[in-house]
Amino acid sequence: MSQSDDVPLQVRGKDRSNQSSMSDGKSEQSNQELLVEEIPAHIQDLLPDLKNSPLEVALATDLHFSGNYGQDWLLATNDKIIAAQQNGLPEYQLQQIDLKQIDKVEILNLHGNNILKIRIANQGIELARFSKRQADKFNEARFKIEELIQTQKGEDQKIDTRPKNAGRKTRCEKCGKAIPHWSEICTACIDKGKTISRLLKYAVPHWKLLVGGLMMMLVLTSLGLTPPWINKMLMDEVLVPAHSAISLGQPVSENAGFLLLKYILWLFGITIITNAFGAIRSYIMSWAGQHITHDLRTETYSHLNTLSIDYYHKRDTGHIMARMTHDVERLQDFITHGIQSMLRSGIMVVGMSCILLWQNWRLTLLTMWTVPLLVALTIFIGKLYRRYHHIVWRRVEKISTILASTIPGVRVVKVFGREPDEIERFNLHSKHVLEGGLVVSKIGAFYHPTMGFLMGLGTTLVWWAGGRQILAGTMSIGDLTMFLSYMWQFIGPVQELSRLNERFIRAATSAERVFEILDTAPDIANKVDTTHLDEIEGEIEFKDVIFSYDGELNALDGVSFHVNPGEMIGLAGHSGAGKSTLINLITRFYDVNHGQVLLDGRDIRDISVESLRSHIGVVLQDPFLFNGSVAENISYSKPDALPHEIIAAAKAANAHDFIVQFSDGYDTVVGERGARVSGGERQRISIARAILKNPSILILDEATSSVDTETESKIQEALERLIQGRTVFAIAHRLSTLKYSNRLLILGHGKIEEFGTHNELLELDGVYAGLCKKQAELSQIRVI
Amino acid sequence: MDTINIEDELKFVDPQQIELKLNSFGDLELHLPDGTVHTPVVPARSFPLTDVTHYIAIQTDNKEREEICLIEDMEQLSGESRRVLEDALEKAYFMPVISRLQAINRRFGVTQWKVETDRGVIVFDLSSRSAISQFDGGRLLIKDIDGNRYEIPNYLQLDPKSIALIETQV
């Protein structure tokens, strides 16, 4: 994003929203279109002549004022509002209000429904009642109506301040369908084919292997279809003739033994080939699948690392993690197993049908109609079975919930003497499980025999029809056995194919979730011609900086100040005043919307992000340690640091003494998030980290909160050493922390309220002086 | 030393002594026995699920929602006040009562319910099972993805098909 200084703020604001994403622009436009719905004839007839003023808003509600479901209408042209309401009467009543009369448009946000109300000189009129489903639509309408009123009254248009829906979306912006809780994106709007083909692009580097694997699968599947065929030959050419010869007292044909051996060897060979090559094939496919997901995973992770803080700010860590692990895994499963088993099932169904039809189409048509029926019934009963199984499972889960809440809370239960009630509650739920379990047993008792019965019925049918054909001499015994074995093989692949759509959608959704990360462009990107700074002085200047996180409220609103190299600036102000924002702009986690941040007289956007951050050290309020040794954590800021440098840094941070007391010394593993070391220790390790980096600019974020007095003094000491000769920005609520500051910058509501030395500000007798007084009072109370 | 009587904190008013009415703007006005008038005010049920006519708080209609008084039993209000309050509560707590389920369709974790209510037939979506809260006596409270609420006083008293459909969801 290139931004120049001379562009006025309002235009800048618009720029931002246009640039932010293409889809924003689209949705705004579609919202405009959505504000005019098609009006049914019976409402149209009621309306006055609107030829001169086209409808700007025409929305149907889903509630009447009586509270019954039904449509009332809210219409607006550029000079009036018309409401058509049906209040328990057969006829709609029209209300017309001149826009010029309207003082205020409001939406009453109630439980389970909302009401749009306007106020005119001496009256309030409720115009539309609607359910929460239509809340967004009518909010848009309200803004539109306000706009129309302003135009009509000739007032200046206010800057668009409508709140944006930042929370989790429940409905798709494009199609309005509900979004499943687990997916975050609309399953209906994914272009399945496109997403899957994009996924398959990752397979291109491994195409030789994949094609090989698929070819093997084709051959093996076809081979797998042959044993029933060989069985048939064995029966018809060897066993049956031999058997009938023996029963007639004739000698068995000479080459019968040879033929038997031949077919047995065939069968043996096929078994060996299908299983041996099956193993190779499945390894090849997993190899390819795992490599593809590895590529996808690493690409996604490295892309995640380029994304700005803003991206993480707006999303739940758990959800990002789920995309990296769960979704990628599901894709791997789809590539290694999903595609294959679909193809295999397809080939098997088609192949078997062809063989059977070719062999004996009459018997096929006569008997095979039971197969789809069988499949349908197993799917149906299976669904029922699973459903009730699920019910019981959930009831059991409820029992676990009770246990999980009462066992840890056993002290509360005992203190208030509620044991009998808890026992009763538990018994009740246990009984629910019992009842549900019995239902499942009932279905299970019914399910398995039904399955068996249906299978048996199919077999019997084949026997019956086949038997009759054998008796009529139109069919061989071999054919019959072949039919029977194919019939048993048919069910699996057909069931597999019936789940095809769901499998596809799941995979496409996972792919979409991963691709969504890949498609997010980093906000903070290096410009083409950035410079790399090896050495800096540490002079910082803010020039009329305006910044907003959400485009609504300015977190910094016209901030200008100048800091000399080596100066320490204490930042103070209530929470939300803009202290952290100021830091975020210096470290360039965000870019300014307007104005400039200068380092040594250069705009920081002209400096490469890497070299800028290489000069900045940060000690955070709750220092983050990675799960590794103390030494690794200290040298995180300088991976090639020598051991003596690490020790020197730890000494300077007053950390050396406690580190060597650990039985593992610098090799002590700090645990997840540094959980195995205390808060004060964590803080000093993070100070050592900052000292080792030796940055020219240092940022301290309330570095001495929540530790005991002695530790605090040690940390103070360490900090004093750390801040020597650097430009320092220290955020603190406690004034004692700020006593080393050269100057203090007091922020309030995104603006600089006061800026000067301690004494200057006391003389000013403003906000800072007030803070000092308050703190003095507080400490007095504590002493008493 | 006397213990604090926590009930002293309650701002009960004598329902006979107060008056609720709508002003010309349609805002609710509260007239207290001492002659003070508060407007605009909004009613809030203390127990919206278990007791809809008792402990109705009257609050200021602003961000703070400060309580002005608590009406122990709205049945004791004078006729006109009661009608006004009932009306306001009906709007403020819109919760149709489901009398029959026509169908539940599942699609990738979203369930779409088609139901008959005392307010008419409606179709709504739930995105997770936690949208249904179960209470004693078969009472269900359902919150759809848009934030609308529906009630089933006792699902075990519905027709068998509705019960079967519900059993798959709770």
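Residues numbered from 1 in each chain as written. Chains lettered and ligands numbered in written order. Predicted model: local features only at pLDDT ≥ 70, side-chain atom pairs only at ≥ 80, totals over all residues. Heavy atoms only, no water.

Enquirer: Is there a simple way to explain the overall build of chain A in this structure?
Expert: Counting secondary structure elements, chain A contains 24 helices and 17 strands. Out of the 784 residues in chain A, the part that is buried amounts to 44%. Considering only residue pairs separated by 6 or more positions, chain A has 67% of its internal contacts joining residues 24 or more positions apart. Carbon and sulfur atoms make up 57% of the accessible area of chain A, which totals about 42300 Å². (Helix = DSSP H or I, 4+ residues; strand = E, 2+ residues; numbered from the N terminus. Buried < 20%, exposed > 50% of the residue type's maximum accessible area, 1.4 Å probe, protein only. Contact = heavy atoms within 4.5 Å. Areas by Shrake-Rupley, 256 points an atom, 1.4 Å probe, with all protein chains shown as cover.)

Enquirer: I keep staring at the overall build of chain B and nothing clicks. Help me out?
Expert: Helix and strand counts for chain B come out as 2 helices and 11 strands. Along its sequence from the N terminus, chain B presents helices and strands in the succession β-β-β-β-β-α-β-β-β-β-β-β-α. Radius of gyration (C-alpha) of chain B: 20 Å, far over the 15 Å computed for a compact globule of 170 residues. If you line up chain B on its principal axes, its C-alpha atoms span 60 × 50 × 30 Å. (Rg over C-alpha atoms; globule rule 2.2 N^0.38 Å.)

Enquirer: How should I be thinking about the sheet that holds strand E17 (residues 751-756) of chain A in this particular structure?
Expert: Strand-to-strand pairing in sheets goes through backbone hydrogen bonds, with the strands running parallel or antiparallel. Residues and elements named next belong to chain A. Strand order in the open sheet formed by 6 strands is E13-E14-E15-E10-E16-E17, with mixed pairing between adjacent strands. Edge positions in the sheet fall to strand E13 (616-619) and E17, since each has one partner strand and no second. Strand after strand, the sheet turns through a mean of 20 degrees between neighbouring axes, direction not considered. As paired strands, strand E10 (residues 568-572) and strand E15 (residues 727-731) are joined by 4 bridges and run parallel to one another. Considered in E15, the bridge of Met 568 is made with Val 728. Those strands touched by helix H16 (residues 579-586) are E10, E13, strand E14 (697-701), E15 and strand E16 (743-748), and its axis lies near 150 degrees from that of E15. Packed onto the sheet, helix H22 (residues 709-723) meets E10, E13, E14 and E15 and runs at close to 155 degrees relative to E14. (Pairing = 2+ DSSP bridges. Axes fitted to C-alpha atoms, helices over the stretch in contact; angles between N-to-C directions.)

Enquirer: What am I meant to see in a nonpolar patch on the surface here?
Expert: A cluster of nonpolar side chains, contributed by Leu 261, Leu 265, Phe 268, Ile 272, Ile 273, Phe 277 and Ile 280 of chain A, occupies part of the molecular surface with about 670 Å² of accessible area. Following the sequence through the fold, Leu 265 of chain A ends up in helix H8 (residues 256-306). (Patch = residues over 30% accessible without salt bridge, like charges linked within 9 Å, V, L, I, M, F, W, Y side chains within 5 Å. Salt bridge = Lys/Arg side-chain N within 4 Å of Asp/Glu carboxyl O.)

Enquirer: Help me out: how do you make sense of the interface of chain A and chain B in this one?
Expert: By a widely used convention, the size of an interface equals the accessible area lost when the partners come together. Of the residues lining the interface, 41 residues belong to chain A; the matching set on chain B comes to 36 residues. Here chain A meets chain B over a buried area of about 3200 Å², counting both sides, of which 48% is carbon and sulfur. In terms of surface lost to chain B, no three residues of chain A exceed Tyr 69, His 111 and Arg 394 of chain A, which account for 21% of the buried area on that side. At the boundary of chain A with chain B, the tally comes to 4 salt bridges. In this structure, Lys 117 of chain A engages Asp 27 of chain B in a salt bridge whose closest nitrogen and oxygen atoms are separated by 3.0 Å. If you look at where chain A meets chain B, you find 14 residue pairs in polar contact (both at pLDDT 80 or more). Secondary structure elements with two or more residues in the side of chain A that touches chain B: strand E6 (113-120), strand E7 (123-131), helix H11 (370-406) and helix H15 (500-519) of chain A. (Buried area = accessible area lost by both parts, 1.4 Å probe. Polar contact = N/O pair within 3.5 Å; in protein donor to acceptor, adjacent residues only side chain to side chain.)

Enquirer: Help me understand helix H6 (residues 207-224) of chain A, please; the structure alone is not making it clear to me.
Expert: Because an α-helix packs 3.6 residues into every turn, residues spaced three or four apart end up facing the same way. Residues and elements named next belong to chain A. Spanning 18 residues, H6 covers 25 Å between terminal C-alpha atoms, matching the ideal 26 Å at 1.5 Å per step. What H6 keeps buried is the set Leu 210, Gly 213, Met 216, Met 217, Leu 220 and Thr 221. Projected onto a plane normal to the axis of H6, the buried residues spread over an arc of 130 degrees and lie on a single side. (Expected span 1.5 Å × (residues − 1). Arc of directions from axis to C-beta.)

Enquirer: Mind showing me how you'd approach the pairing of E10 of chain A here?
Expert: Two faces, one strand: in a regular strand the side chains alternate between the faces of the sheet. All names here are of chain A. The element E10 is largely enclosed, with a buried count of 5 among its 5 residues. The sheet contact formed by E10 and E16 spans 4 bridges and is parallel. Paired with Gly 570 across the bridge in E16 is Leu 744.

Enquirer: Any chance you could explain the packing of aromatic side chains here in plain terms?
Expert: Residues and elements named next belong to chain A. Applying the stated criterion across every chain yields a total of 14 aromatic pairs over all chains. Both rings, one in Phe 561 and one in Phe 755, keep their centres 6.0 Å apart while their planes meet at 70 degrees; by these two values the pair is edge-to-face. In this pair, Phe 561 is assigned in strand E9 (residues 554-563) and Phe 755 in strand E17, connecting sequence segments 194 residues apart. Relative accessible area serves as the criterion here: at 6%, Phe 561 is assigned to the buried category. (Phe/Tyr/Trp six-rings, centres within 6.5 Å; stacked < 30°, edge-to-face > 60°.)

Enquirer: Help me understand the sheet that holds strand E3 (residues 37-47) of chain B in this model?
Expert: All names here are of chain B. Within the open sheet, the 5 strands sit side by side as E1-E2-E3-E4-E5. Their pairing is antiparallel. The open sheet terminates on both sides in strands that have one partner only, identified here as strand E1 (19-22) and strand E5 (67-73). Averaged over all pairs of adjacent strands, the angle between their axes in this sheet comes to 40 degrees, without regard to strand direction. The pairing of E1 with strand E2 (residues 28-31) spans 4 bridges and is classified as antiparallel. Across the sheet, residue Leu 22 finds its bridge partner in E2, namely Leu 28.

Enquirer: Is there a simple way to explain the pattern of salt bridges in this structure?
Expert: If charged atoms from side chains of opposite charge come close, those side chains can pair. Applying the stated rule across the entire model yields 35 salt bridges over all chains. With a shortest N-O distance of 2.8 Å, Glu 516 of chain A and Arg 323 of chain A are connected by a salt bridge. Placement of Glu 516 of chain A in helix H15 and of Arg 323 of chain A in helix H10 (residues 317-368) is noted, with a sequence separation of 193 residues between them. Here Glu 516 of chain A falls in the partly exposed class, since its relative accessible area comes to 33%. The partner of Asp 603 of chain A in a salt bridge is Arg 605 of chain A, and the shortest N-O contact between them spans 3.0 Å. The class of Asp 603 of chain A is buried, set by a relative accessible area of 8%. When salt bridges that share partners are traced, they join Lys 104, Glu 106, Lys 117 and Arg 119 of chain A together with Asp 27 of chain B into one network.

Enquirer: Explain the domain arrangement of chain B to me, please; I cannot follow it from the model alone.
Expert: For chain B, the domain assignment lists domain 1 (6-92) and domain 2 (98-167). Each of domain 1 of chain B and domain 2 of chain B has a C-alpha centre, and the two are 31 Å apart. (Domains from an automatic or database assignment.)

Enquirer: Teacher, can you tell me more about the packing of helix H13 (residues 419-472) of chain A against helix H14 (residues 477-498) of chain A here?
Expert: Residue and element names in this part refer to chain A. Contact geometry of H13 with H14 gives a least axis separation of 10 Å together with a crossing angle of 160 degrees. Judged by the inter-axis angle, H13 sits roughly antiparallel to H14. In the crossing of H13 with H14, the sense of the turn from one axis to the other is right-handed. Contact residues: H13 offers Met 455, Gly 458, Thr 459, Val 462, Trp 463, Gly 466 and Ile 470, while H14 offers Ile 477, Leu 480, Phe 483, Leu 484, Met 487, Trp 488 and Ile 491. (Parallel < 35°, antiparallel > 145°, perpendicular 65-115°, else oblique. Left-handed = near helix turned anticlockwise from the far one by under 90°.)

Enquirer: Looking at this model, I keep getting lost on the packing of H8 of chain A against H15 of chain A. Mind explaining?
Expert: A packed helix pair is summarised by two numbers, namely the angle formed by the two axes and the spacing between the axes. All names here are of chain A. The contact between H8 and H15 brings their axes to 9 Å, and the two run at 40 degrees. Between H8 and H15, the interaxial angle falls into the category oblique. Once H8 is placed against H15, the crossing between them reads as left-handed. Contacts between H8 and H15 involve Leu 296, Glu 299, Thr 300, His 303 and Leu 304 from the former and Val 514, Phe 515, Ile 517 and Leu 518 from the latter.

Enquirer: Help me out: how do you make sense of the environment of Pro 96 of chain B in this one?
Expert: Following the sequence through the fold, Pro 96 of chain B ends up in the loop between helix H1 (79-92) and strand E6 (98-107). Pro 96 of chain B sits in the buried class, given a relative accessible area of 1%. Setting aside residues no more than four positions away along its own chain, Pro 96 of chain B makes contact with Tyr 69 of chain A together with Thr 117, Asp 118, Arg 119, Arg 149, Tyr 150 and Glu 151 of chain B.

Enquirer: Even after reading the chapter, I still don't get the environment of Ile 120 of chain A, so can you show me in this structure?
Expert: Examined against the element boundaries, Ile 120 of chain A turns out to sit in strand E6. Judged by relative accessible area, which is 8%, Ile 120 of chain A ranks as buried. The contacts of Ile 120 of chain A, once residues within four sequence positions are left out, are Ile 97, Gln 101, Ile 102, Asp 103 and Ile 125 of chain A together with Phe 25 of chain B.

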